[in-house]
Amino acid sequence: MKKFVLFLVLCLCLYVVSHDLIKGTLPTTTKIKTLHIHEPKLRAKMNINYQTVTVNAGDTLLSIAEKQQNAPLPVSIEQLIKDFEALNPGTKANSLQIGKTYKIPIYKH
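Residues numbered from 1 in each chain as written. Predicted model: local features only at pLDDT ≥ 70, side-chain atom pairs only at ≥ 80, totals over all residues. Heavy atoms only, no water.

## Here's the deal with the overall build of the protein chain
On a plain count of helices and strands, the protein chain comes out with four helices and two strands. Its helices and strands in sequence order give the protein chain the pattern α-α-β-α-α-β, from N to C terminus. Across the 109 residues of the protein chain, 21% fall into the buried class. Across the protein chain, the fraction of contacts at a sequence separation of at least 24, relative to all contacts at a separation of at least 6, is 61%. Carbon together with sulfur atoms contributes 61% to the accessible area of the protein chain, which is approximately 9100 Å² in total. (Helix = DSSP H or I, 4+ residues; strand = E, 2+ residues; numbered from the N terminus. Buried < 20%, exposed > 50% of the residue type's maximum accessible area, 1.4 Å probe, protein only. Contact = heavy atoms within 4.5 Å. Areas by Shrake-Rupley, 256 points an atom, 1.4 Å probe, with all protein chains shown as cover.)

Laid out in structure tokens, this is it:
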């Protein structure tokens, strides 16, 4: 009886591991919102100062932005992410790639 229960537990573990590897446990579908601005007045309002930066190993959007400011950011992290994604269409703030160049927003104190 113990061998049978052990066999069932082993089968369950193998099923869970295979399901996790094949399908995953987190949802993979993401909706990407694309910002299209056609009106000149709206483009003028979105005038964001930025600096072009090449990402190094270990860099995050927050660490890069704080290095540029040489001080704590005067805006929220959410605003930083929103401005970064507006400056770099089609790029998510959490998917920076080493060696690629991005536009990082600069804020005045």
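## So, the environment of Thr52
Secondary-structure assignment places Thr52 in strand β1 (residues 50–54). With 49 residues separating them along the chain, Thr52 and Thr101 place their C-alpha atoms 6.5 Å apart. Thr52 has contacts with Thr101, Tyr102 and Lys103, leaving out every residue within four places of it along the chain.

## Brief notes about the pattern of salt bridges
For the coordinates displayed, the defined rule picks out one salt bridge. Residues Asp59 and Lys67 are paired through a salt bridge, measuring 3.4 Å at the closest nitrogen-oxygen approach. The exposure class of Asp59 is buried, given its relative accessible area of 17%. (Salt bridge = Lys/Arg side-chain N within 4 Å of Asp/Glu carboxyl O.)

## Some points on the packing of aromatic side chains
Tallying each qualifying case throughout the model produces one aromatic pair. With centroids separated by 5.8 Å and ring planes inclined at 50 degrees, the aromatic side chains of Phe84 and Tyr102 adopt a geometry described as tilted. One end of the pair, Phe84, is in helix α4 (residues 77–87); the other, Tyr102, is in strand β2 (residues 101–105), with 18 residues separating them in the sequence. For the pair formed by Phe84 and Tyr102, the shared burial category is buried. (Phe/Tyr/Trp six-rings, centres within 6.5 Å; stacked < 30°, edge-to-face > 60°.)

Just geometry here; none of it tells us what the structure is for.
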